[in-house]
Amino acid sequence: MQGAYDVVVIGGGHNGLVAATYLARARHRVLLLERSGSLGGPVTTEEIRPGFRAPTGASLCGLFRREIIDELDLIRHGLAFVPFDPTAVLLGDGAAPLRIWRDPRKTQFEVAKSSPADAAAYPRFLELMGEISRVLDPLLMSIPLSVDDPSIADGWFLFGRALRLRHLGRDTMYEALRMPPMSLHDYLGEWFEDERLRTSLSVDALFGMFRGPWSPGTAFGLVHHFLAQANGGMWAFIRGGSATLPNALAAAAREAGVAVRTGAEVRRILSPDGRVTGVELANGETIPARAVVSTADPKRTFLQLADPLVLGADFQLRVRNYNSEGCVSKVNLALDGVPQIPALGDGSLPAHFQIAPSMEYIERAYDDAKHGRVSESPVLDVTVPTAVDPSLAPSGKHILSVLVQYTPYHLAEGRWEDRREPLGEHVLDLLQVHVPNLRSVLVGKEVLTPADLESKFGLTGGHIFHGEMTLDQQYVLRPVPGWGRYRTPIPGLYLAGSGAHPGGGITGAPGYNGARAVLEDWSSLARSG
């Protein structure tokens with residue numbers, strides 16, 4: 001393999017860039033291949049109208065690992081975060097808006113107007129979520145234990161987590177054990193009576209999931225949301241737009257010696273003798289390598305790129321059954337003025353607001369989607385990045401970025417190609433109820449359906465997390481049982497995208513852990529090469 005690369009990384013999103021950089025810093029020859037003309041994947045910023053730059057994919061970032069930021073010196077490479085407060089404003093039908101503030105005491109004051117009992121319970125709830133999140137947080141930056149042959153180190157690590165949980169006290173331990181399989185409706189109902197507070201927390205917990213608040217296991221989504229604080233961060237915008245993150249990562253990658261090629265689509269992962277020997281590009285070029293790290297989703301990696309004869313029928317069946325149907329669409333709006341929200345009463349422009357009057361409203365929206373219908377009354381999670389980062393639009397103008405949930409990838413009737421514009425108009429109608437001047441200041445619109453997310457970013461089924469973040473698809477079970485440690489049935493092929501532990505969200509953890517798995521195996525990879 002004279003002149004070949006040690007490792008080829010498929011995918012130039014944030015996980016691919018993280019994996020490539022750590023492998024190069026370990027003095028390996030690394031080539032990163034990205035099929036599109038730019039890096040970043042869904043974490044990107046694009047001009048939707050001259051002068052208006054919108055987050056085409058992810059809008060907020062709160063989970064990206066501080067360890068990676070520090071070790072790769074991303075601040076020096078231009079990464080900066082812009083916090084906002086209140087962190088969310090829930091807008092309903094007729095009820096007073098609810099503001100959620102970074103300072104729990106300010107949120108208590110808001111909640112106390114309708115429920116003194118909820119105001120008293122809120123700090124205890126935050127404390128519990130924080131304690132559970134801090135216990136689980138180290139799991140995110142670790143390779144899941146081997147179920148077949150656990151090591152002594154695996155045992156000690158999990159023992160340490162269990163001991164940490166036990167030290168929090170009996171009541172906290174019981175809560176941590178009983179909460180994950182519960183529904184949001186049942187769990188939040190034990191804590192709060194204010195429907196607005198329960199609804200806002202449900203919107204956060206259900207983000208990107210094809211589930212409703214009555215679905216079992218959805219309460220665990222609360223922990224995922226609160227992990228931002230556990231790692232010493234917060235939910236924030238990325239200054240200059242989402243693309244600043246992959247740009248900083250790309251600078252760190254090149255500084256470490258990573259070779260980067262864009263416009264290079266991988267057609268096949270080569271494994272003629274049952275182990276990886278490299279990749280073949282869409283143009284017919286072959287690139288030898290001792291290892292291949294795929295940050296594409298599991299279905300794309302195993303059902304389109306890898307050799308099915310090497311994988312075997314049983315493994316392929318499990319991958320086909322891996323749940324990765326998306327339910328989120330994106331609508332970006334360019335506004336030639338300030339959006340006005342009369343319900344707030346003070347002329348303020350929140351950087352993040354939610355439109356969902358109740359948990360039942362969310363459940364009805366989910367009911368439509370699970371039968372293959374675009375929700376008649378979807379949940380709208382709206383960010384206004386220009387409220388805190390005016391550089392993204394001309395002076396005095398704004399960007400509204402709307403995540404629309406629930407819009408199923410598989411439609412019972414019709415095609416997404418024909419539903420795209422009607423969806424955009426419907427979202428405008430729903431927004432206008434709360435932002436009455438919206439259409440009068442609208443100068444640009446972009447609509448991305450689940451089908452568009454699949455074609456634009458390579459997300460099979462349009463799933464923004466590379467697959468459902470349910471308990472049966474987490475930790476050692478992600479993506480499928482028996483293959484939750486970044487390795488695959490093909491020696492030399494590794495999975496390091498959001499379809500691997502710890503899952504979706506902008507964390508960088510799958511890329512970091514996937515690189516560690518390659519480094520742990522390097523002596524055997526070098527011998528077989």
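Quick note: structure is the one above.
Only a predicted model underlies this, so the values are computations on that prediction, with no experimental measurement involved.

## Focus: the overall build of the protein
Secondary structure assignment for the protein yields 19 helices and 18 strands. When each of the 529 residues of the protein is scored for burial, the buried share is 60%. For the protein, restricting intrachain contacts to residue pairs at least 6 apart in sequence, the fraction spanning at least 24 positions comes to 73%. Counting only carbon and sulfur atoms, one obtains 52% of the accessible surface of the protein, whose full area is about 20,600 Å².

## Thoughts on the pattern of salt bridges
Per the stated rule, a full pass over the model turns up 33 salt bridges. Notably, a salt bridge pairs Arg 261 with Glu 285, separated by 3.1 Å at the nearest N-O pair. Of this pair, Arg 261 sits in strand β9 (residues 259–262) while Glu 285 sits in the loop between β11 (278–281) and β12 (286–294), and the two are 24 residues apart along the sequence. Its relative accessible area of 30% is what places Glu 285 among the partly exposed residues. Across the salt bridge formed by Arg 439 and Glu 425, the nearest N and O atoms sit 3.1 Å from each other. Linking Arg 439 in helix α16 (residues 438–441) with Glu 425 in helix α15 (residues 416–434), this pair joins segments that are 14 residues apart in sequence. Among the ionic contacts, a cluster of salt bridges with common partners joins Glu 421, Glu 425, Asp 429, Arg 439 and Lys 445.

## Considerations on the packing of helix α4 (residues 116–140) against helix α9 (residues 221–230)
Remark: α4 packs on α9, axes separated minimally by 8 Å, with the N-to-C direction vectors making an angle of 80°. Considered as vectors, α4 and α9 are oriented roughly perpendicular to each other. Of the residues in α9, those in contact with Phe 125, Leu 126, Met 129, Ile 132, Ser 133, Arg 134, Leu 136, Asp 137 and Leu 140 of α4 are Leu 222, Val 223, Phe 226, Leu 227 and Ala 230. Looking at the contact of α4 with α9 residue by residue, the classes come out as 11 nonpolar, 1 polar and 2 charged.

## Structural notes on the packing of aromatic side chains
This model, assessed by the stated rule, comprises 12 aromatic pairs. Consider the rings of Phe 84 and Phe 237, whose centres lie 5.1 Å apart with planes at 50°: the pair is tilted. One end of the pair, Phe 84, is in the loop between β5 (81–82) and β6 (88–91); the other, Phe 237, is in strand β8 (residues 237–238), with 153 residues separating them in the sequence. Since its relative accessible area comes to 4%, Phe 84 is described here as buried. Ring centres of Phe 302 and Phe 315 lie 4.9 Å apart, and the angle between their planes is 90°; this geometry places the pair in the edge-to-face category. In this pair, Phe 302 sits in helix α11 (residues 298–305) while Phe 315 sits in helix α13 (residues 313–321), placing the two residues 13 residues apart along the sequence. The two residues Phe 302 and Phe 315 agree in class, both being buried. Among the aromatic residues, ring-to-ring pairing joins Tyr 122, Phe 125, Trp 191, Phe 192 and Phe 226 into one connected group. The ring of Tyr 22 carries Arg 25 above its face, with NZ or CZ at 5.9 Å from the centroid.

## Comments concerning the sheet that holds strand β7 (residues 98–100)
Across the sheet, 7 strands lie side by side as β7-β6-β14-β15-β16-β13-β17; this open sheet has mixed pairing. Of all the strands in the sheet, just β7 and β17 (442–448) have a single pairing partner and so form its edges. Between one strand axis and the next, the sheet turns by 20° as a mean value, whatever way the strands run. In terms of strand pairing, strand β13 (residues 328–335) meets β17 through 6 bridges, oriented antiparallel. In the strand pairing of β17, Val 331 is matched with Val 447.

## Considering the packing of helix α1 (residues 14–25) against helix α10 (residues 244–256)
Interhelical geometry of α1 versus α10 gives an angle of 20° and a closest axis separation of 9 Å. Judged on the interaxial angle alone, α10 and α1 are roughly parallel. Considering the relative orientation of α1 and α10, their crossing is left-handed. Of the residues in α10, those in contact with His 14, Leu 17, Val 18, Thr 21, Ala 24 and Arg 25 of α1 are Pro 246, Leu 249, Ala 250, Ala 252, Ala 253 and Ala 256.

## Considerations on helix α8 (residues 195–206)
Helix length check: α8 (12 residues) gives 16 Å between terminal C-alpha atoms against 16 Å at 1.5 Å per residue, within 8%. Turning to α8, its buried residues are Arg 196, Leu 197, Arg 198, Thr 199, Ser 200, Leu 201, Ser 202, Val 203, Asp 204, Ala 205 and Leu 206. A positive phi of about 80° marks Gly 208, the residue just after α8.

## Things to note about the pairing of strand β3 (residues 45–49)
Relative to strand β4 (residues 52–55), β3 runs antiparallel, the two sharing 4 bridges. Each residue of the ladder has a partner; that of Thr 45, found in β4, is Pro 55. Taken together, β3 and the strand that follows it, β4, pair antiparallel across an intervening segment of 2 residues, in which Gly 51 is found at a positive phi of about 90°.

## A look at the environment of Ala 248
Assignment of secondary structure puts Ala 248 in helix α10. A relative accessible area of 0% means that Ala 248 is categorised as buried. Separated by 193 residues in the primary sequence, Ala 248 and Pro 55 have C-alpha atoms spaced 16 Å apart.

## Considering the nonpolar core
Ranked by internal contacts, the top residues of the largest apolar core, which has 67 residues, are Leu 33, Phe 64, Leu 74, Leu 245, Val 279 and Val 293. Examining the composition of this core, we find that 7 residues originate from one element, α1, more than from any other. In contact with Val 279, not counting residues within four places along its chain, are Val 8, Ile 10, Leu 33, Val 266, Arg 268, Ile 269, Leu 270, Glu 285, Thr 286, Ile 287 and Val 292. Counting 41 residues, the second-largest nonpolar core is a separate cluster that includes Ala 205, Leu 206, Met 359 and Tyr 361.

## Notes on the environment of Ser 133
Considering the arrangement of structural elements, one finds Ser 133 in helix α4. Among the residues examined, Ser 133 registers a relative accessible area of 0% and is labelled buried. Taking the C-alpha atoms as reference points, Ser 133 and Ser 523, separated by 390 residues in sequence, lie 35 Å from one another. Discounting residues that sit within four places of it in the chain, Ser 133 has contacts with Val 223, Phe 226, Leu 227 and Ala 230.

What counts and what doesn't
Residues numbered from 1 in each chain as written. Predicted model: local features only at pLDDT ≥ 70, side-chain atom pairs only at ≥ 80, totals over all residues. Heavy atoms only, no water. Helix = DSSP H or I, 4+ residues; strand = E, 2+ residues; numbered from the N terminus. Buried < 20%, exposed > 50% of the residue type's maximum accessible area, 1.4 Å probe, protein only. Contact = heavy atoms within 4.5 Å. Areas by Shrake-Rupley, 256 points an atom, 1.4 Å probe, with all protein chains shown as cover. Salt bridge = Lys/Arg side-chain N within 4 Å of Asp/Glu carboxyl O. Axes fitted to C-alpha atoms, helices over the stretch in contact; angles between N-to-C directions. Parallel < 35°, antiparallel > 145°, perpendicular 65-115°, else oblique. Nonpolar A, V, L, I, M, F, W, Y, C, P; charged D, E, K, R; others polar. Phe/Tyr/Trp six-rings, centres within 6.5 Å; stacked < 30°, edge-to-face > 60°. Lys NZ or Arg CZ within 6 Å of the ring centre and 35° of its normal. Pairing = 2+ DSSP bridges. Left-handed = near helix turned anticlockwise from the far one by under 90°. Expected span 1.5 Å × (residues − 1). Core = buried A, V, L, I, M, F, W, Y, C linked by side-chain atoms within 4.5 Å.

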